[in-house]
Amino acid sequence: MSLPPGPRYLLQLAFPCLPPSIAVYVILNVFVTRGASIPCWFIALSALLSRPAFLLVCHFLSEMSNWVDARRKGALMVPRVYDRWPGGLSIVAAMVKNFKTGGPGDVFLQWREQYGNTYSLKIIGENRIFTFEPEHIKAILATQFDDFEKGPIFHSQFTTLLGTGVFNSDGDMWKFHRTITRPFFSKERISHFDVFDRHAEDALEQAHSRLTAGYPIDFQDLVSRFTLDSATEFLFGNDVRSLSAGLPYPPSPPSYPPSPASNDEHPSTRFVNAFIAGQTLSSLRSRYGPSWALVEFWYDRVRPHRAVVDEFTEPILEEALRNNHARRALGEQEKEDEEANSGTLLDHLVCQTQDRQVLKDELTNLLVAARDTTASLLTFAMYMLTQHPAIVTRLRAEILCTVGTARPTYEHIKEMKYMRAFINETLRLHPPVPFDSRTSNKATTWPVTRTNPGPSARPFYIPAHTKCTYGVFLMHRRTDLWGPDALTFDPDRFLDARVHTYLTPNPFIFLPFNAGPRICLGQQFAYNEASFLLTRLLQRFAHFSLAPPTSDDGVRPGVHLTMYVKGGLWVRMEPAPLEMDVNTEAEGLGVE
Ligand code: HEM
Ligand SMILES: *[C@@H]1O[C@H](CO)[C@@H](O)[C@H](O)[C@H]1NC(C)=O
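Residues numbered from 1 in each chain as written. Chains lettered and ligands numbered in written order. Predicted model: local features only at pLDDT ≥ 70, side-chain atom pairs only at ≥ 80, totals over all residues. Heavy atoms only, no water.

K.L.:
Help me get a handle on unusual backbone geometry, residues and values and all.
P.N.:
In this model, Pro 548 is joined to Pro 549 through a cis peptide bond whose omega is 5°. Notably, His 465 is not glycine yet its phi reads approximately 55°, a positive angle. As for its placement among the helices and strands, His 465 is situated in the loop between β8 (460–462) and β9 (467–471). Residue His 465 is classed as exposed on the basis of its relative accessible area of 65%. The backbone phi angle of Asn 514 is positive, close to 70°, even though this residue is not glycine. Residue placement: Asn 514 occurs in the loop between α21 (497–503) and α22 (523–540). Among the residues examined, Asn 514 registers a relative accessible area of 16% and is labelled buried. (Helix = DSSP H or I, 4+ residues; strand = E, 2+ residues; numbered from the N terminus. Buried < 20%, exposed > 50% of the residue type's maximum accessible area, 1.4 Å probe, protein only.)

Have a look at this one:
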């Protein structure tokens, strides 16, 4: 348990390595004792090479048995991308190049043209399947949920940061976490809006004064602070006050003031840096597959960052547990129930379990789930506002008509159909989680799709223990699923006849929040949070434009766990005309 990652990994590897080597060594020695003259170096070399040879044979046998099993099931092998070089090296090179310089998933697009929407890649001996096909993604997430899991490799990469929380567990452990967390989300919690209100005000006020001073703002940075402060307040009842660190200035020109946010003295900065570093380092591990442990041989790089996050959560957790015990001692069952319903998520969780590790893990998982995803949505929403002034006008008209200049309520937000369509359209073209994956835990098949029909159409064979990556980013952009204008940003497609032509009959073509038993728990929370901030934003500002260092062709999306804009999204925003401020128009319409 306390072994460093490297030695632990090597120990695990050594066990299957030893038997073939020992066997070869023993057999050759038997020959020698019977009088055969075999040189020592030959014995040593054979023992050493027996492991790779053994692996090759195993590999060959498993390919054979997959092939036989597929025939037995009446299934086809998933088409495999051709590789010029042995070992999948040209594929790895193409993926690395795409990661550095291309748009999200460009590299997959080129293979898709050649092989269809589901294909496999052999990467250094590992067979991986990629799919952009709604029917196949549906199989992974919903209809064949039990055949797929996050799996042991993902688990080993994320366990330092996430422990056994809801994001990082399978089977009964996952069910347990999901069960204790879900009740909190299913309630219509209008009081959440208190959580958003103060932080939205703070964020927009700071943006306003920085813009008035003549500088652009990094909207991505702003909403990341907003979602972090909102999420920590919602989860723990105490926020980390990352907004109070102040906003950064653009890195150039050098005449601009230095950024106050880079000031390490600020108490929130330590937490924010640890939280970001923990996530970045954990997702970096997935590039090395199971051998990430060799890169962090003696030292788990994520552990110190998780410790900083825990420093923040521990005192809050202790206080919640103390309060809970006090109420129990007084026998105030009613009050406890009330607390569970009206308090923070933490108040709710301590009524479900008192296990400190479980509680800390759960809080960290929810923080990861809640912060960057919603910040990503808001960042790309702003990008779209800068590109489509006519959409800004329509959104503002809807807000003026429904909410006026008041603080939006749950009912207002439910009523604003165009706002929701705008958010949906942003999630379609810029899904915060563009690629995700599961691993098959047994051999199975995926159904025949509309794209490979015909008399010989047969299901695809999915071998056991195969990593399956699915990309909603590319699926959301398919013209055969969304119509010829699939690449155009147009919220009306969620409101007019197109919704009946494409989405209603085929709901699995739109999956920003996943689907099936592991669908996002925070979906409604995220719609509310994003709608609240956008409403407040559009009440105050009416014109948005990109500003240096961001330029029109310089919005380059990047992906780690979530999608973001490389270098930040620098914008200028013009205040709304006065009619929004004085509320007369809205009052005239009889809207509060
Ligand atoms: C626009 C914002 C959001 C998007 C696009 C989003 C998307 C997703 C996706 C794709 C997953 C599935 C991940 C996987 O299983 O591989 C997920 C899971 C989850 N999300 Fe969200 N999410 C958002 C906001 C939130 C918020 C605000 C919260 C909580 C406050 C939240 C809580 C969760 C939880 C707890 C899970 C794990 C569910 C499980 O495994 O059973 N999400 N989300
Ligand atoms: C937005 O998408 C969700 C599915 O995630 C759907 O239930 C909802 O009806 C859509 N709303 C609008 C107005 O487009």
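Still more ground to cover, so stick around.
K.L.:
Report on the UniProt feature "transmembrane region" (unreviewed entry) in the chain, specifying residues and quantitative values.
P.N.:
In the numbering used here, UniProt assigns the "transmembrane region" (unreviewed entry) feature to residues 12–32 and 39–62. As a span, residues 39–62 carries 96% helix and 0% strand, and end to end its C-alpha atoms are 34 Å apart. (UniProt positions renumbered as here; feature names shortened; annotations may be inferred.)

K.L.:
A description of the coordination of the iron atom of ligand 1 should follow, citing residues and the corresponding values.
P.N.:
With respect to protein ligation, the iron atom of ligand 1 binds only Cys 520 (SG), at 2.3 Å. Mapped onto the elements of the fold, Cys 520 is located in the loop between α21 and α22. (Donors = N, O, S within 2.8 Å, 3.2 Å for Na, K, Ca; no water.)

K.L.:
So, the nonpolar core: which residues are in play, and what are the values?
P.N.:
Ranked by size, the top nonpolar core spans 133 residues in total, and within it Phe 219, Phe 422, Leu 537 and Met 573 carry the most contacts. Considering every element that reaches this core, the biggest residue donor is helix α15 (residues 356–387), with 16 residues. Look past the residues within four positions of Leu 537 in its chain and what remains in contact with it is Leu 204, Phe 219, Met 382, Leu 385, Phe 544 and Met 573. (Core = buried A, V, L, I, M, F, W, Y, C linked by side-chain atoms within 4.5 Å. Contact = heavy atoms within 4.5 Å.)

K.L.:
An account of the site of ligand 2 is requested, with residue identities and associated values reported.
P.N.:
Around ligand 2 sit Lys 417, Arg 420, Ala 421, Asn 424, Phe 494, Phe 510, Gln 523 and Tyr 527, and those are all the residues in its vicinity. The contact in question runs from an oxygen atom of ligand 2 to an N or O atom on the side chain of Asn 424, over 2.3 Å. Breaking the shell around ligand 2 down by element, the ones donating at least two residues are α18 (417–429) and α22. The element that contributes the greatest number of residues to the shell around ligand 2 is α18, accounting for four residues. (Near = heavy atom within 4 Å. Polar contact = N/O pair within 3.5 Å; in protein donor to acceptor, adjacent residues only side chain to side chain.)

K.L.:
Mind laying out the side chain of Ser 242, listing which residues take part and the relevant values?
P.N.:
For Ser 242, the position within the fold is in the loop between α9 (219–236) and α10 (267–285). Residue Ser 242 is classed as buried on the basis of its relative accessible area of 1%. Leaving out residues up to four positions away in the same chain, Ser 242 has contacts with Arg 225, Leu 228, Asp 229, Ser 268 and Val 272.

K.L.:
Tell me about the environment of Cys 40, and name the residues and values.
P.N.:
Relative to the helices and strands, Cys 40 resides in helix α2 (residues 40–72). For Cys 40, a relative accessible area of 68% puts it in the exposed group.

K.L.:
For a nonpolar patch on the surface, give the residues involved together with the corresponding values.
P.N.:
Together, Leu 18, Ile 22, Tyr 25, Val 26 and Val 30 line one region of the surface with nonpolar side chains, adding up to about 450 Å² of accessible area. Inspection of the secondary structure puts Ile 22 in helix α1 (residues 5–33). With relative accessibility at 48%, the residue Ile 22 sits in the partly exposed group. (Patch = residues over 30% accessible without salt bridge, like charges linked within 9 Å, V, L, I, M, F, W, Y side chains within 5 Å. Areas by Shrake-Rupley, 256 points an atom, 1.4 Å probe, with all protein chains shown as cover. Salt bridge = Lys/Arg side-chain N within 4 Å of Asp/Glu carboxyl O.)

K.L.:
Describe the sheet that holds strand β13 (residues 570–575), and please don't skip the residues or the numbers.
P.N.:
Judged by pairing direction, the sheet is antiparallel, and its three strands sit side by side in the order β5-β13-β10 without closing on themselves. Each edge of the open sheet carries a strand with a single partner, namely β5 (217–218) and β10 (541–546). Direction of pairing for β5 relative to β13: antiparallel, over a ladder of two bridges. If you follow Ile 217 over to β13, its bridge partner there is Val 571. Along the sheet, α15 makes contact with β10 and β13, crossing β10 at roughly 95°. (Pairing = 2+ DSSP bridges. Axes fitted to C-alpha atoms, helices over the stretch in contact; angles between N-to-C directions.)

K.L.:
I'd love a proper account of the site of ligand 1, names of residues and values included.
P.N.:
Neighbouring residues of ligand 1: 26 residues in total, closest Trp 174, Arg 178, Asp 436, Asn 514 and Cys 520. At a separation of 2.6 Å, an oxygen atom of ligand 1 approaches a polar side-chain atom of Arg 178. Between ligand 1 and Arg 438, the relevant distance is 2.9 Å, taken from an oxygen atom to a side-chain nitrogen or oxygen of the residue. Put simply, the parts of the chain that give the shell around ligand 1 at least two residues each are α7 (171–186), α15, β6 (435–440) and α22. The leading source of residues in the shell around ligand 1 is α15, at six residues. Among the residues forming the shell around ligand 1, the class breakdown is 17 nonpolar, four polar and five charged. (Nonpolar A, V, L, I, M, F, W, Y, C, P; charged D, E, K, R; others polar.)

K.L.:
How would you sum up the side chain of Gln 279? Please name residues and give values.
P.N.:
Mapping Gln 279 onto the fold places it in helix α10. Non-local contacts of Gln 279, meaning those with residues more than four positions away in its chain, are made with Leu 161, Val 368, Asp 372 and Leu 561.

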